[in-house]
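Now for the letters of each chain:
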Amino acid sequence: MSKTLLSITSSPGVRAITITAGDRILASHLYAKSSYAAVVTRERECVITSEELKKATWLLSRLMDRVGSAVKSRYYTYTGPLEISTEGVIFKPYVTPTSTAEIIFTGKFARVKAGDFKKKYRTSIEIGEVLRRHVQLLENC
């Protein structure tokens, strides 16, 4: 598959993730008490009703809120390559115009490294596994 990109939006009203691979997009958007998640290709739309994906979307946006605050970023949307390996899921978003962070998801932990900032967060679900399963869904839909 082509290069996979993950975008996480954590604005005051909208929480969202978008995974892009080739001509396919997986979008998960949370706004107030409504939500929408689907894989969209040129030919069709496959709606996703996964509570686990909703929770992962919310947790990822909260994580990026914290990372953004720690590095004094002014971004609401963080985009970067998403790598899935045997060691975990690695996300390297741009947090400022000239710097990136590295976030590694293994089990129920997210290890963040952004310049001098290093922190390990515990999550209530295995975000890496949720991302791994939904990237496979993206490939197969």
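Structure's up top.
Remember, predicted model here, so these are calculated numbers, not experimental data.

Draft legend 1. Highlighting the pattern of salt bridges. Using the criterion set out here, one finds 8 salt bridges in the structure. A salt bridge links arginine 62 to aspartate 65; the nearest nitrogen and oxygen atoms lie 3.6 Å apart. One end of the pair, arginine 62, and the other, aspartate 65, are both in helix H1 (residues 51–70), 3 residues apart, so they sit about a helical turn from each other. With its nearest N and O atoms 3.8 Å apart, the salt bridge here joins glutamate 102 to lysine 92. Taken together, the residues glutamate 102 in strand E10 (residues 102–106) and lysine 92 in the loop between strand E7 (88–91) and strand E8 (94–96) connect sequence positions 10 residues apart. With a relative accessible area of 30%, lysine 92 lands in the partly exposed category. Three or more residues joined by partner-sharing salt bridges are found here, namely Arg15, Arg62 and Asp65.

Draft legend 2. Molecular detail of the side chain of serine 61. You can see serine 61 is positioned in helix H1. For serine 61, a relative accessible area of 0% corresponds to the buried category.

Draft legend 3. Structural detail: the sheet that holds strand E3 (residues 24–31). Sheet architecture is open: 10 strands sit in the order E5-E4-E3-E2-E1-E6-E7-E10-E11-E12, paired in antiparallel fashion. Both outer strands of the open sheet, strand E5 (45–47) and strand E12 (117–122), are each paired with one neighbouring strand and no more. Strand-to-strand twist across the sheet, computed as the mean angle between neighbouring axes with direction ignored, equals 20°. Sheet topology note: the strand E1 (residues 4–10)/strand E2 (residues 14–21) ladder contains 7 bridges and is antiparallel. Residue pairing across strands places threonine 4 opposite alanine 21, the latter belonging to E2. Packing of H1 onto the sheet brings it into contact with E1, E2, E3, strand E4 (34–40), strand E6 (77–85), E7, E10, strand E11 (109–114) and E12, and relative to E2 it is tilted by some 100°.

Criteria and cut-off values
Residues numbered from 1 in each chain as written. Predicted model: local features only at pLDDT ≥ 70, side-chain atom pairs only at ≥ 80, totals over all residues. Heavy atoms only, no water. Salt bridge = Lys/Arg side-chain N within 4 Å of Asp/Glu carboxyl O. Helix = DSSP H or I, 4+ residues; strand = E, 2+ residues; numbered from the N terminus. Buried < 20%, exposed > 50% of the residue type's maximum accessible area, 1.4 Å probe, protein only. Pairing = 2+ DSSP bridges. Axes fitted to C-alpha atoms, helices over the stretch in contact; angles between N-to-C directions. Contact = heavy atoms within 4.5 Å.

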